[in-house]
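Each chain, letter by letter, is given below.
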Amino acid sequence: MGDKIQKITPNLWFENQAEEAAAFYTSVFKDSKIVRVTRYMNEGQEIHGMAEGTVMTVEFQLEGQKFVALNGGPHFLFTEAISFIVHCDTQEEVDYYWEKLSDGGDEKAQQCGWLKDKYGVSWQIIPARISELLSSPDPVKAESAMKAMLQMKKIDMNVLKEIHK
């Protein structure tokens, strides 16, 4: 019968870079793959306006999470209102994902662990324990961690750990 359909699947609308973006994302994350590519047909040409044979959707997985990338034209753009959180266990992981995903992205959109990649998609590259650090029972430590984090672009886990000694 095939794979069970994931109940909720993020759909990312690109102007025409769906295939390129899916290839990029699957190169960054482990346990990732392109699953299926569909193409526009002549049918519906008056609605979609895409040339027959052009990539319509790319189904892909990142760390087992399914996504769809759609080439839908220039009608909609990404905003920071939606972002993908990447939980990192080590500073090396934070550095790796930050370097890969921020490459070619908008440097002005980098703040407090958030970045915007070269396609305009927003990501949060954060320590897996960030909630624990920010909700410390010691309000001075929690506030100090928040203050330090707000001054960072890429999160420095060593600074946050130092606060929580």
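In what follows, the structure referred to is the one given above.
Here the structure is a predicted model, which is why all the values come from computation and not from measurement.

Peer 1: Any chance you could break down the sheet that holds strand S6 (residues 114–116) for me, citing the residues and the numbers?
Peer 2: Here we have three strands laid out as an open sheet, ordered S5-S7-S6, and mixed in their pairing. Since the sheet does not close on itself, it has two edges, and those belong to strand S5 (83–88) and S6, each with one partner. Direction aside, neighbouring strands of the sheet carry axes that sit 25 degrees apart on average. Relative to strand S7 (residues 122–127), S5 runs parallel, the two being bridged by six bridges. When the sheet's bridge partners are listed, Ser-83 is paired in S7 with Ser-122.

Peer 1: Lay out the packing of aromatic side chains with the relevant residues and their values.
Peer 2: Tallied over the full model, the rule gives 14 aromatic pairs. Ring centres of Phe-24 and Tyr-25 lie 5.6 Å apart, and the angle between their planes is 55 degrees; this geometry places the pair in the tilted category. Side by side, Phe-24 and Tyr-25 carry an identical accessibility label, which is buried. What makes Tyr-25 buried here is its relative accessible area of 1%. A connected cluster of aromatic rings, assembled from ring pairs, spans Phe-14, Phe-24, Tyr-25, Phe-29, Phe-60, Phe-67, Phe-78, Phe-84, Tyr-96, Tyr-97, Tyr-119 and Trp-123. Over the ring of Phe-24 we find Lys-118, and its NZ or CZ is 4.3 Å from the ring centre.

Peer 1: Residues and numbers for the pairing of strand S3 (residues 55–62), please.
Peer 2: Most of S3 sits out of view: six of its eight residues are buried. Bridge analysis of strand S2 (residues 33–39) against S3 gives six bridges, and the strand direction is antiparallel. Note that in S3 the partner of Val-37 across the bridge is Val-58. Where S3 meets strand S4 (residues 65–71), six bridges bridge the pair, whose relative direction is antiparallel. In the strand pairing of S4, Val-58 is matched with Ala-69.

Peer 1: So what's going on with unusual backbone geometry? Residues and values would help.
Peer 2: Its identity as a non-glycine residue notwithstanding, Glu-63 has a phi of 50 degrees, on the positive side. Relative to the helices and strands, Glu-63 resides in the loop between S3 and S4. Of note in the backbone geometry, Cys-112 takes a positive phi value of approximately 55 degrees without being a glycine.

Peer 1: Can you lay out the sheet that holds S2 for me, pointing to particular residues and giving the numbers?
Peer 2: Remark on secondary structure: sheet strands pair via backbone hydrogen bonds, oriented parallel or antiparallel. Pairing is mixed in the open sheet, where four strands are placed in the order S1-S4-S3-S2. Looking along the sheet, the strands with just one partner apiece sit at the ends: strand S1 (11–14) and S2. Across the sheet, the mean angle separating the axes of adjacent strands is 20 degrees when strand polarity is ignored.

Peer 1: Break down the side chain of Ser-122 for me, with residues and values.
Peer 2: Mapped onto the elements of the fold, Ser-122 is located in strand S7. Those residues in contact with Ser-122, other than ones at most four positions away along the chain, are Thr-79, Glu-80, Ile-82, Ser-83, Phe-84, Leu-115 and Lys-116.

Rules used throughout
- Sequence positions are assigned chain by chain, starting from 1 and proceeding in written order.
- Two thresholds apply to this predicted model, a pLDDT of at least 70 for residue-level local features and 80 or more for giving and counting side-chain atom pairs, whereas whole-chain, interface and lining totals are computed over all residues.
- Side-chain figures throughout are based on the complete set of non-hydrogen atoms in the structure, without hydrogens or water.
- Two strands pair under a simple rule: DSSP has to find at least two bridges between them.
- The helix count covers DSSP runs of H or I at least four residues long, the strand count covers runs of E at least two residues long, and both are numbered beginning at the N terminus.
- Lines fitted to the C-alpha atoms define the axes, with helices restricted to the stretch that makes contact. Angles between their N-to-C directions range from 0 to 180 degrees.
- To pair, rings of Phe, Tyr and Trp, with the six-membered ring standing in for Trp, must have centres within 6.5 Å; the planes then decide the type, stacked if under 30 degrees apart, edge-to-face if over 60, and tilted in the middle.
- Here the term buried applies to any residue with accessible area under 20% of the maximum for its type, exposed to any over 50%, and partly exposed to those in between, with areas from a 1.4 Å probe on protein chains only.
- Throughout this description, the term charge over a ring refers to an Arg CZ or Lys NZ atom that lies within 6 Å of the ring centre and within 35 degrees of the ring normal.
- Between two residues, a contact is recorded if the distance between any of their heavy atoms is within 4.5 Å.

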